[in-house]
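Spelled out, the chains give:
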Amino acid sequence: MGGIEGDEPPSKRVKVSQIRQQGSSSPIDSMARLPASQEADEVLGSKGVIKKGELVRIIVDALYSLGYSKSASRLEEESGIPLHHSLVDLFIKQILDGRWDVSVATLHQIGLRDDAVVKLASFAIFEQKFFELLDGKKVTDALNTLRNEITPLCVNSGRVRELSCSILSQSNNINEGISQESRLKSRKKLLEEIQKLLPPTVIIPENRLVHLVEQALDLQKDACRFHNSSIGEMSLLNDHHCGTDRIPSQTFQILHDHNDEVWFLQFSHNGKYLASSSGDCLVIIWELMVDGQVCMKHKLSGHLKPVSYISWSPDDLQILTCGAEETVRRWDVNSGKCLQAYEKNGLGFVSCGWALDGKNVFTGLADKSICMWDLEGKEVDCWKGSRTIRIADMGIANNGKDLVTVSKENTISLFSWQTNYEKVIQEDEAIISFALSEDGKLLLVSLLNEELHLWNIDGCTELISKYRGHKRSRFVVRSCFGGLEQSFIASGSEDSQVYIWHRLSGELILKLAGHSGAVNCVSWNPTNPHMLASASDDRTIRIWGLNRVTSSNGNASQCNGKI
């Protein structure tokens, strides 16, 4: 096909997307043809990998897609590189005119090497013919097409049976046939399907230039260590690069309402609330106001021991709190009222979590068993054995069926409570804590040797990356995912700093100073990539943001960096 000039002048050639915008009298869409100019064999660029012919054809295709038909035709004429072969022009016109038999003959003339592709395209054409015959009440002709043209292709026998059934149900269809406009629309859709079947050397994939540009932007975004803003802020006019100003690295607010070390904190799924717990046995629910300030909503009392873990319900209307080897309590977020206390034979609870539907609660007990409860406090099921240890982390994998716990000192368990099937992740070091990604597909594990390990738990488990740099020797230090598309990993540290890594590269990009004691836990706002919270032994919570604020208000003081 290469080197054959089109029978029609370039001005007659148009893009598929142009037909979508115009009526039935518009010119035919173009599918790709092999270039005809010797210039097509030239290569461009410093690396010599860009073929001039392909680039010109992609540009022509993009111009037609954008509606610049005259410019596209002029480029074809001036370069001598047509968008596609004249046989493809003829083929498309035959499809739009409903000349099914000759279009299949033309398809064979195009010279495709893959017989399977020819059969699939022929099947699609004859299927369209079949339905149009049925619509025209030509049932006998449709039956002949099914028997003599579709069936001999030996393609998609299941679909052939469906077509047979459609003949039997024809009498139940409405009597009026489809309009000419609808018929043309369905033929254009047929062309789009055939376009996906043919190789790119014959027909350029739709919106190929846009796709290539999007790929380039994605690669630049992934390579940018600080990218934490909307894709709309990227430009085609220069290479993309963000600075540290896109990462929440300045203290925006300091919360002083706890009276002891702050052990745990977590934002709600909707990002409107923050819950924190402390050695003072209190849980505080904070609310994010319209002006960005974080204000106390409720101070929850009732636990007799320090609260080690908090879990938000899927709808963010309730929270579970777990006292250190004490009870698990369920609270109403709006009223601050305790709705239920979960207890069992004097056994202490070590962890808690919600089923994805919010109708059941899971708890880990000090005897290493796991119990499932309904909301009213009735025990639904219990799994004994080494199901959990005294680490207050619990989560649900993305399938909604696997409970994630630390079952042994160095083992993560993915336990399906419905089938009792268990899958484990074995680490070489003792596990300190873990965190699940928002989609439940990634697991971040904090280890005794001051490493964070990132695991893929969607399907086969696989260790993806390791993160190093933070300090931990005595305490439980927690980490989290965060930022735009959860592109970052943040962790507390015993050196009073917050550590932030770029998730894909594993590069440590920032250390945030400000706390005067060990940072026990961090939480990144899931709906605001520019807000991060940290909890510390200095009895404070720091809210980190992008902008510097120098005012103060009541118990919440604001500053830049250290106090």
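Residues numbered from 1 in each chain as written. Predicted model: local features only at pLDDT ≥ 70, side-chain atom pairs only at ≥ 80, totals over all residues. Heavy atoms only, no water.

Undergrad: Any chance you could break down the overall build of the protein for me, citing the residues and the numbers?
TA: A tally of helices and strands in the protein yields ten helices and 32 strands. For the protein, the residues scored as buried account for 53% of the 563 residues in total. The contacts in the protein between residues at least 6 apart in sequence include a share of 49% that link residues at least 24 apart. Accessible surface, the protein: about 26400 Å² in total, of which carbon and sulfur atoms supply 49%. (Helix = DSSP H or I, 4+ residues; strand = E, 2+ residues; numbered from the N terminus. Buried < 20%, exposed > 50% of the residue type's maximum accessible area, 1.4 Å probe, protein only. Contact = heavy atoms within 4.5 Å. Areas by Shrake-Rupley, 256 points an atom, 1.4 Å probe, with all protein chains shown as cover.)

Undergrad: Tell me about the sheet that holds strand β4 (residues 262-267), and please be specific about residues and values.
TA: Strands sit in the order β4-β5-β6-β7 across an open sheet of four strands; the sheet is antiparallel. Single-partner strands in this sheet number two, and they are β4 and β7 (294-300). Each strand axis lies, on average, 20° off the axis of its neighbour in the sheet, ignoring direction. (Pairing = 2+ DSSP bridges. Axes fitted to C-alpha atoms, helices over the stretch in contact; angles between N-to-C directions.)

Undergrad: Now, about the packing of aromatic side chains: what can you tell me, with residues and values included?
TA: Inspection of every chain in the model, using the stated rule, returns eleven aromatic pairs. A centroid spacing of 4.9 Å and a plane angle of 55° characterise the contact between F264 and Y309, whose relative ring orientation is tilted. Here F264, found in strand β4, pairs with Y309, found in strand β8 (residues 307-312); they are 45 residues apart in sequence, far enough to count as distant. With relative accessibility at 4%, the residue F264 sits in the buried group. Y309 sits in the buried class, given a relative accessible area of 8%. Judged by centre distance (5.7 Å) and plane angle (65°), the ring pair of Y342 and W373 falls under edge-to-face. Of the two residues, Y342 sits in strand β11 (residues 338-342) while W373 sits in strand β14 (residues 370-374), which places them 31 residues apart along the sequence. (Phe/Tyr/Trp six-rings, centres within 6.5 Å; stacked < 30°, edge-to-face > 60°.)

Undergrad: I'd love a proper account of the confidence of the model for the protein, names of residues and values included.
TA: On average, residues of the protein score 85 in pLDDT, and 86% of them reach the 70 mark or higher. Within the model, pLDDT remains below 50 along residues 1-36, and this stretch shows 117 contacts once partners closer than five positions in the same chain are excluded. Here residues 549-563 scores under 50 on pLDDT; set against residues more than four positions off or in separate chains, the count is 38 contacts. (pLDDT = per-residue confidence, 0-100.)

Undergrad: Could you give me a rundown of the sheet that holds strand β24 (residues 479-482), with the residues and numbers involved?
TA: Read across the sheet, four strands follow the order β24-β25-β26-β27 without closing on themselves; strand pairing throughout is antiparallel. Every interior strand has two partners, whereas the edge strands, β24 and β27 (508-512), have only one. With direction set aside, neighbouring strand axes in the sheet form an average angle of 20°. Here β24 pairs with strand β25 (residues 488-491) via four bridges, running antiparallel. When the sheet's bridge partners are listed, S479 is paired in β25 with S491.

Undergrad: So what's going on with the pairing of strand β5 (residues 273-278)? Residues and values would help.
TA: Counting buried positions along β5 yields six of six residues, so the element is predominantly enclosed. Residues of β5 alternate between two faces, with Y273, A275 and S277 on one and L274, S276 and S278 on the opposite face, all of them buried. In this antiparallel pair of consecutive strands, β4 and β5, the connection spans five residues, and G271 shows a positive phi of 75°. The pairing of β5 with strand β6 (residues 283-288) spans five bridges and is antiparallel. Across the sheet, A275 pairs through a bridge with I285, a residue of β6. A loop of four residues connects β5 with β6, the two strands running antiparallel in sequence, and C281 in this loop sits at a positive phi of about 70°.

Undergrad: Report on the packing of helix α2 (residues 52-66) against helix α10 (residues 208-223), specifying residues and quantitative values.
TA: Look at α2 against α10: their axes get within 8 Å of each other, and the N-to-C directions meet at 105°. One finds that α2 runs roughly perpendicular with respect to α10. Taking contact as the criterion, the partners of I58, D61 and A62 in α2 are, on α10, R208, L209 and L212. (Parallel < 35°, antiparallel > 145°, perpendicular 65-115°, else oblique.)

Undergrad: An account of unusual backbone geometry is needed here, citing residue identities and associated values.
TA: With a phi close to 65°, K137 is a non-glycine residue in the positive phi region. Locating K137 in the fold gives a position in the loop between α6 (115-135) and α7 (139-150). K137 sits in the partly exposed class, given a relative accessible area of 40%. The phi angle at K368 is positive, at roughly 75°, despite the residue not being glycine. Structurally, K368 can be placed in the loop between β13 (360-365) and β14.

Undergrad: Lay out the pattern of salt bridges with the relevant residues and their values.
TA: All chains considered together, the criterion is met by 16 salt bridges. A salt bridge links K221 to E485; the shortest N-O distance between them is 3.1 Å. Of this pair, K221 sits in helix α10 while E485 is found in the loop between β24 and β25, placing the two residues 264 residues apart along the sequence. Classification of E485 by relative accessible area gives exposed; the value is 55%. For R225, the salt bridge is made with E507, and the minimal N-O distance between the two is 2.8 Å. Of this pair, R225 sits in the loop between α10 and β3 (250-255) while E507 sits in the loop between β26 (498-502) and β27; the two residues are 282 residues apart in sequence, bridging distant segments of the chain. (Salt bridge = Lys/Arg side-chain N within 4 Å of Asp/Glu carboxyl O.)

Undergrad: Kindly report on a nonpolar patch on the surface, identifying the contributing residues and their values.
TA: Together, L44, V49, I50, L55 and I59 give the surface a local cluster of nonpolar side chains, amounting to about 380 Å² of exposed area. Along the chain, L44 falls in strand β1 (residues 43-44). (Patch = residues over 30% accessible without salt bridge, like charges linked within 9 Å, V, L, I, M, F, W, Y side chains within 5 Å.)

Undergrad: Give a detailed account of the environment of R503, specifying residues and quantitative values.
TA: By the secondary structure assignment, R503 is in the loop between β26 and β27. On the basis of relative accessible area, R503 is assigned to the buried category, the value being 18%. As a C-alpha pair, R503 and I464 span 39 residues in sequence and 9.9 Å in three-dimensional space.

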